[in-house]
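Summary of the model geometry
Chain by chain, the residues run as shown.
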Amino acid sequence: MTKSGRQVIIHADHLGKTYGAGPIAVEALKDFSVDLREGEFVVLLGPSGSGKTTCLNLIGAIEVPTSGALVANGMDLTNIDAKAQTEYRRSMVGFVFQFFNLVPTLTALENVQIVAALGGGEALERSHRALSDVGLAARMDHFPGQLSGGEQQRVAIARAIVKDPPLLLCDEPTGSLDLDTGVQVLAILRAAADSGRTVLLVTHNSAIADMANRVLHLRDGKLVGDVTNSNPLSPSELSW
Ligand code: ADP
Ligand code: MG
């Protein structure tokens, strides 16, 4: 627990990731220390190549750190076998990517359902609910190619939240959307944080930082700023 009373969900301590070795080694993330709490909407901001995706991939257990400590919901992600990694990703994390990554030959509902089924239980019912939550109740039977970019991203968010994970990791989720649809997507992510999830959103678009509770600045793999925003804007007030 913390002084704000909110549970720490991610604890990174001098975390580092180096790709390769010797003369071709790239230190993508260096000495990254941060605690992320339940219900926080955190924007990770930095130019291209600053280590944002690397950081997200470590927290999502897609990559393993090369130094430091990383604990997520009490689970040590630095010493973890492949099975536990998979279990962590399935139960703890929803991923949202820039290019949606939907299966083109499955409908919106089926795209969500295949992930929901991994969690067992009432997969169909939960998939319906997740798609309704992102405003796509009327589009469930459409294929990705029949949906706009913003709608496809909303399907991807439904897929990310259908198992009700405590953590949403979003890598440039508005990077291929125009302002209006980008703002709609951000409003859905904001609502996800308001319902208690921790949202970590990676972007190079500094305008999005104004809606965050907290902004982490990365430069050359180093955390150079950690700013709390006491009056975040609503997504509809953003423009870029
Ligand atoms: P960002 O998401 O901020 O653009 P990345 O985390 O993707 O930055 O990359 C940070 C640095 O690490 C860059 O120099 C990039 O080229 C390098 N990098 C990322 N992934 C790999 C990899 N799998 N192998 C080697 N270098 C990588
Ligand atoms: Mg990136």
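Preceding block: the structure.
Residues numbered from 1 in each chain as written. Chains lettered and ligands numbered in written order. Predicted model: local features only at pLDDT ≥ 70, side-chain atom pairs only at ≥ 80, totals over all residues. Heavy atoms only, no water.

A word on the pairing of strand E4 (residues 67–72)
Pairing between strand E1 (residues 8–19) and E4: five bridges, direction antiparallel. Residue His-11 lies in a different strand from E4, and its bridge partner there is Val-71. Pairing analysis gives two bridges linking E4 to strand E5 (residues 75–76), with the strands arranged antiparallel. Considered in E5, the bridge of Val-71 is made with Asp-76. In this antiparallel pair of consecutive strands, E4 and E5, the connection spans two residues, and Asn-73 shows a positive phi of 50°. (Pairing = 2+ DSSP bridges. Helix = DSSP H or I, 4+ residues; strand = E, 2+ residues; numbered from the N terminus.)

Remarks on the nonpolar core
Within the largest apolar cluster, 42 residues are counted, with the highest numbers of intra-cluster contacts made by Phe-41 and Leu-131. Those elements that place two or more of their residues in this core are strand E3 (41–45), helix H3 (108–118), helix H4 (123–133), helix H5 (149–161), strand E7 (167–171), helix H6 (179–194) and strand E8 (198–203). Not counting chain neighbours up to four residues away, the residues in contact with Leu-131 comprise Ala-108, Leu-109, Val-112, Leu-136, Ala-137, Met-140, Val-155 and Ala-158. Grouped together as the second largest cluster of nonpolar side chains are 29 residues, Leu-56, Ile-59, Leu-70 and Leu-218 included. (Core = buried A, V, L, I, M, F, W, Y, C linked by side-chain atoms within 4.5 Å. Buried < 20%, exposed > 50% of the residue type's maximum accessible area, 1.4 Å probe, protein only. Contact = heavy atoms within 4.5 Å.)

Things to note about unusual backbone geometry
A positive phi angle, close to 50°, is found at Asp-31, a residue other than glycine. Mapped onto the fold, Asp-31 is located in strand E2 (residues 26–37). Take Asp-31: its relative accessible area is 45%, and that puts it in the partly exposed class.

Considerations on the sheet that holds E5
With respect to topology, four strands assemble into an open sheet ordered E2-E1-E4-E5, the strand pairing being antiparallel. Whereas interior strands pair on both sides, the edge strands pair on one side only; in this sheet they are E2 and E5. Relative to E2, E1 runs antiparallel, the two being bridged by eight bridges. Bridge pairing in E2 links Tyr-19 to Val-26.

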